[in-house]
Amino acid sequence: DRIGLTGGLSYMISSSWELSVAQEVAMAAERTVDQTGAADGVSVFPGSYSLTRYETLLAVSYRF
């Protein structure tokens, strides 16, 4: 019910510094929640839910 696509690259700025970037797209199919609570005390809200998430990650690394 869930698909995720991730891609990224990194670039060595110098022998010690590296810059990395990644992009992720996650998609989840629609699902319906009927209950308003669970036996373990977790609260949920009834309704229909779907998901499309876009996430960009940036990292700067220093190697010593």
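Attention here is on the structure that accompanies the text. Residue positions within a chain follow its written sequence, with the count starting from 1. Thresholds applied to this predicted model are a pLDDT of at least 70 for local features of residues and 80 or more for the giving and counting of side-chain atom pairs; totals over whole chains, interfaces and linings are not thresholded and use all residues. No hydrogens and no water enter the side-chain calculation; it runs on all heavy atoms of the structure.

## Some points on the packing of aromatic side chains
Here's step 1: Each pair of aromatic rings taken from Phe, Tyr and Trp, with Trp reduced to its six-membered ring, is defined by centres within 6.5 Å and is described as stacked if the planes are under 30 degrees apart, edge-to-face if over 60, and tilted in the remaining cases. For the coordinates displayed, the defined rule picks out two aromatic pairs.
Here's step 2: Members of the aromatic cluster, connected to one another through ring pairs, are Trp17, Tyr62 and Phe64.

## Structural notes on the pattern of salt bridges
Here's step 1: Within this document, salt bridges are pairs made up of a side-chain nitrogen of Lys or Arg and a carboxyl oxygen of Asp or Glu, the two lying within 4 Å of each other. This structure, assessed with the given rule, holds three salt bridges.
Here's step 2: Across the pair Glu18 and Arg63 runs a salt bridge, and its minimum N-O distance is 2.7 Å. With Glu18 in strand E2 (residues 17-33) and Arg63 in the segment after strand E3 (47-62), this pair connects stretches of sequence that are 45 residues apart.
Here's step 3: In this structure, Glu24 engages Arg53 in a salt bridge whose closest nitrogen and oxygen atoms are separated by 3.3 Å. Of the two residues, Glu24 sits in strand E2 while Arg53 sits in strand E3, which places them 29 residues apart along the sequence. Only runs of H or I of at least four residues qualify as helices and only runs of E of at least two qualify as strands under DSSP, and these elements are numbered from the N terminus.

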